[in-house]
Amino acid sequence: MNGLLHQIASGIASGAIYASVALALVMIYQATHHVNFAQGEMATLSTFVALTLIHAGVPFWGAFVLTILLSFALGVVVERILMRPMMNAPVLSSVGVFIGLLLVINALDGWIFGFTIKSFPSPFHAAHPLLGGYVSPHEIGETGLTVVVLTLVWLFFRYTTLGLAMRAAAYNPVSARLCGVRVNRMLGLGWGLAAAIGAAAGIMVAPVVFLDPNMMSGILLYAFAGALLGGIDSPLGAVIGGFVVGVLENLFGAYVVGTELKLTVALMIIVAVLLARPAGLFGRAVQSRV
Amino acid sequence: MPPLLEARGLTAGYGETNVLHGIDFAVEEGGVTALLGANGAGKTTTLRALCGMIRRGGEIAFAGQRIERAATEDIVRRGVGHVPDGRGTFMELTVEENLRLGAYTRRDRAGVAADIARLFDYFPRLRERLRQQAGTLSGGEQQMLAIARALLVRPRLLLLDEPSFGLAPLIVRDIFHILRRINTEERMSILVVEQNASLALDLADHAYLLETGRIVVSGTAAAIRQDEAVRRSYLGY
Ligand SMILES: Nc1ncnc2c1ncn2[C@@H]1O[C@H](COP(=O)(O)OP(=O)(O)O)[C@@H](O)[C@H]1O
Ligand SMILES: [Mg+2]
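Presented here is an overview of the structure given in this document. (Residues numbered from 1 in each chain as written. Chains lettered and ligands numbered in written order. Predicted model: local features only at pLDDT ≥ 70, side-chain atom pairs only at ≥ 80, totals over all residues. Heavy atoms only, no water.)

1. Thoughts on the overall build of chain A
Across its full length, chain A carries 11 helices and 0 strands. Written out in order from the N terminus, the α and β elements of chain A read α-α-α-α-α-α-α-α-α-α-α. For the C-alpha atoms alone, the extent of chain A along its principal axes is close to 60 × 50 × 35 Å. Residues classed as buried in chain A amount to 53% of the 290 residues present. Counted over contacts in chain A with a minimum sequence separation of 6, partners at least 24 positions apart contribute 76%. When the accessible surface of chain A is totalled, it reaches about 13,100 Å², and 73% of it is carbon and sulfur. The distance from the centre of the 12 positive side-chain charges to the centre of the 9 negative ones in chain A is 20 Å. (Helix = DSSP H or I, 4+ residues; strand = E, 2+ residues; numbered from the N terminus. Buried < 20%, exposed > 50% of the residue type's maximum accessible area, 1.4 Å probe, protein only. Contact = heavy atoms within 4.5 Å. Areas by Shrake-Rupley, 256 points an atom, 1.4 Å probe, with all protein chains shown as cover. Lys, Arg positive; Asp, Glu negative; His and termini not counted. Charge placed at Lys NZ, Arg CZ, Asp CG, Glu CD.)

2. Here's the deal with the interface of chain B and chain A
When the parts of a complex come together, some accessible area is lost, and that lost area is often used as the size of the interface. Opposite the 22 residues of chain B that make contact, chain A presents 24 residues. For the pairing of chain B and chain A, the buried interface totals around 1,900 Å² over both sides, and the portion due to carbon and sulfur atoms is 61%. Broken down residue by residue, the surface that chain B buries against chain A is led by B:Glu73, B:Glu92 and B:Tyr104, which jointly contribute 32%. The interface formed by chain B and chain A holds 3 salt bridges in total. A salt bridge links A:Arg177 to B:Glu73, with the shortest nitrogen-to-oxygen separation between them at 3.7 Å. The interface formed by chain B and chain A holds 4 residue pairs in polar contact (both at pLDDT 80 or more) in total. (Buried area = accessible area lost by both parts, 1.4 Å probe. Salt bridge = Lys/Arg side-chain N within 4 Å of Asp/Glu carboxyl O. Polar contact = N/O pair within 3.5 Å; in protein donor to acceptor, adjacent residues only side chain to side chain.)

3. Some points on the environment of B:Ala61
All names here are of chain B. For Ala61, the position within the fold is in strand β4 (residues 55-62). Through-space distance from the C-alpha of Ala61 to that of Pro3 is 8.8 Å; in sequence the pair is 58 residues apart. When sequence neighbours within four positions are dropped, the list of residues in contact with Ala61 reads Leu4, Leu5, Glu6 and Arg66.

4. A short note on the packing of aromatic side chains
Residue and element names in this part refer to chain A. As enumerated under the stated definition, the model contains 12 aromatic pairs over all chains in all. Measuring from ring centre to ring centre gives 6.5 Å for Phe60 and Phe120, while their planes differ by 85°; the resulting arrangement is edge-to-face. Of this pair, Phe60 sits in helix α3 (residues 60-83) while Phe120 sits in the loop between α4 (91-113) and α5 (137-159), and the two are 60 residues apart along the sequence. What makes Phe120 buried here is its relative accessible area of 5%. (Phe/Tyr/Trp six-rings, centres within 6.5 Å; stacked < 30°, edge-to-face > 60°.)

5. A short note on the nonpolar core
Counting 50 residues, the largest nonpolar core has B:Leu36, B:Leu99, B:Phe123, B:Leu126, B:Ile147, B:Leu158 and B:Leu160 as its most contacted members. The element best represented in this core is helix α6 (residues 139-151) of chain B, accounting for 7 residues. What B:Leu99 contacts, discounting residues up to four positions off in sequence, is B:Phe120, B:Leu130, B:Leu145, B:Ala148, B:Arg149 and B:Leu152. By size, the runner-up hydrophobic cluster in this structure holds 48 residues, among which are A:Ala22, A:Ala199, A:Met216 and A:Ala238. (Core = buried A, V, L, I, M, F, W, Y, C linked by side-chain atoms within 4.5 Å.)

6. Observations concerning the site of ligand 1
Residues and elements named next belong to chain B. Taken together, the neighbourhood of ligand 1 is formed by Tyr14, Val19, Ala38, Asn39, Gly40, Ala41, Gly42, Lys43, Thr44, Thr45 and Arg48. Contact distances for ligand 1 include 3.2 Å between an oxygen atom and a side-chain N or O atom of Asn39. One of the backbone nitrogen or oxygen atoms of Gly40 is found 2.7 Å away from an oxygen atom of ligand 1. In isolation ligand 1 exposes 550 Å². Once the protein is present, 58% of that is buried. Sorting elements by how many residues they give to the shell around ligand 1 places helix α1 (residues 43-50) first, with 4 residues. Considered class by class, the residues forming the shell around ligand 1 number 4 nonpolar, 5 polar and 2 charged. (Near = heavy atom within 4 Å. Nonpolar A, V, L, I, M, F, W, Y, C, P; charged D, E, K, R; others polar.)

7. A closer look at helix α3 (residues 95-102) of chain B
In terms of residue burial, α3(B) counts as a mostly covered element, since 6 of its 8 residues are buried. Every buried residue belonging to α3(B) is among B:Val95, B:Glu97, B:Asn98, B:Leu99, B:Leu101 and B:Gly102, and all of these are buried. In the core, the buried residues of α3(B) are packed alongside α5 and α6 (161-171) of chain A together with α4 (109-122), α5 (124-128) and α6 of chain B.

8. Observations concerning the pattern of salt bridges
Using the criterion set out here, one finds 20 salt bridges over all chains in the structure. B:Asp74 is paired through a salt bridge with A:Arg182; the nearest N and O atoms lie 3.1 Å apart. Remark: A:Arg182 occurs in the loop between α7 (173-178) and α8 (183-209) and B:Asp74 occurs in helix α2 (residues 72-77); the pair is interchain, linking two chains. Residue B:Asp74 is classed as partly exposed on the basis of its relative accessible area, which comes to 26%. Among the salt bridges present, the one from B:Arg156 reaches B:Glu29, with a minimum N-O distance of 3.2 Å. Here B:Glu29 lies in the loop between β2 (17-27) and β3 (32-36) and B:Arg156 lies in the loop between α6 and β7 (157-161), a separation of 127 residues in the sequence. Given a relative accessible area of 38%, B:Arg156 falls into the partly exposed group. Here the salt bridges do not stand alone but share partners, grouping B:Arg106, B:Asp108, B:Asp115, B:Arg118, B:Arg154 and B:Glu186 into one network.

9. Some details on the sheet that holds β2(B)
Ordered by their spatial adjacency, 4 strands build an open sheet running β2-β1-β4-β5 (chain B), and the pairing between neighbours is antiparallel. In this open sheet, the two edge strands, each paired with only one partner strand, are β2 and β5 (65-66) of chain B. (Pairing = 2+ DSSP bridges.)

10. Side note on the sheet that holds β3(B)
Residues and elements named next belong to chain B. Sheet architecture is open: 6 strands sit in the order β6-β7-β8-β3-β9-β10, paired in mixed fashion. With partners counted over all chains shown, the strands left at the sheet margins are β6 (80-83) and β10 (214-220), one partner each. Adjacent strand axes in the sheet meet at a mean angle of 15°, parallel and antiparallel pairs treated alike. (Axes fitted to C-alpha atoms, helices over the stretch in contact; angles between N-to-C directions.)

11. As for unusual backbone geometry
Positive phi, normally seen in glycine, also occurs at A:His33, with a value near 60°. Locating A:His33 in the fold gives a position in the loop between α1 (2-32) and α2 (39-55). The phi angle at B:Ala63 is positive, at roughly 50°, despite the residue not being glycine. In this fold, B:Ala63 is placed in the loop between β4 and β5.

Here it is, written out as structure tokens:
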């Protein structure tokens, strides 16, 4: 029983990370109808930047905020340089560009920061065990911070005019332009925001999984499973899907398949969703627009 | 006084193919101009070309400035409201959010609120459906929403692409009655594209007939109504 509670709690903690990355994937997908396979590597690069800042003596939260801002800029630049020319390209060639970006960032990380696995400090500490010791202070802090980030993103899209314009640009760019919305700028903002969310997830997960150039590759797979499970065109669905995948992963790892085979859980979920309900739990059936 | 909108030698097309082969037309300030033509004549293409939504050439002057190189967003910001082919509803958003997007370029909150209140006088049904997803509206309601959205830009010129398309005759009569009021009460200049020529000629003071990308007849609405070609092909008498 205690073991079960523990597994669920840490499942929620890793689910928060998957939910963030899944949301980033869905944001890009809604705006461009492409899956950004390089989302994870962009987050890893951000995490290296954060670690470099921390080693240079910047306090943790200062490094956190600086990294988020830099990652936002990185997202805007990637959209501007790589994606804009690809706007109307066929899906397969865009997949090529994303995979290329993934490989380039991965190699760059290794080349600049090294391939050795590095420990990453956690900002969350506690003098006494919390919640009966089922969860670590980092798991609590990380989950809390992620929930705050996700809530802020939701509030932004739901209640601000800029958030509304970004949604409009993603749903119907032609109509958005006719309302005077600068659609290209909205796409850039979307990429920036997605990169910033990914960076927060990277910094939050690094103390648990340690930092190396491949840190996010498995996480991206879980996040992708979560996004598909919730519905690749539903931001709320993706967030819920991310949490569900986190819990399933931990339970299956502990009681069914063992930790070595945990990653296959993500693959199983992906295949099962694609076979049984391609639109996901919260997504709409795919309609092609003319 | 020069016309509010004037196109000279306007060409436009998709990919390699040209659809418009150099057309000239104008919209007078405060007037209603109709662009008539059969399905596929190039009416929608003309409106898209005016708003920079497709490749185009030639000259377009709007309110004394050339806009043939401007981006769609900037043309809209200069005062062109476009009710597009297919209505352009943001289906996933609420009616209220659709209206907020119409006013996206404006910073005068009070003015926007007053405009929305006035638009509800024209389209009371939108007020009732404010919190509803726009995709659930009927075709007529979506057309009203599209007109309201375009008017919230505070345009000097309203472009309408087949406002009667796919709607029941009673609703169409309603909408054209409201368009007439918008023209007289708000002094809104209008360029309306229609396959339904008799409807459009009732609203318009000037008209052009488009055939496969060329203007073949032009004149006052009254004169066009008497034109043999128009009468036989479009008015059916
Ligand atoms: N998006 C498009 N891509 C390619 N050709 C198009 C497109 N839209 C319209 N056309 C072509 O342009 C011509 C004029 O179409 P359109 O302007 O829509 O006519 P209308 O609005 O008068 O019915 C037609 O031959 C049509 O096939
Ligand atoms: Mg048309």
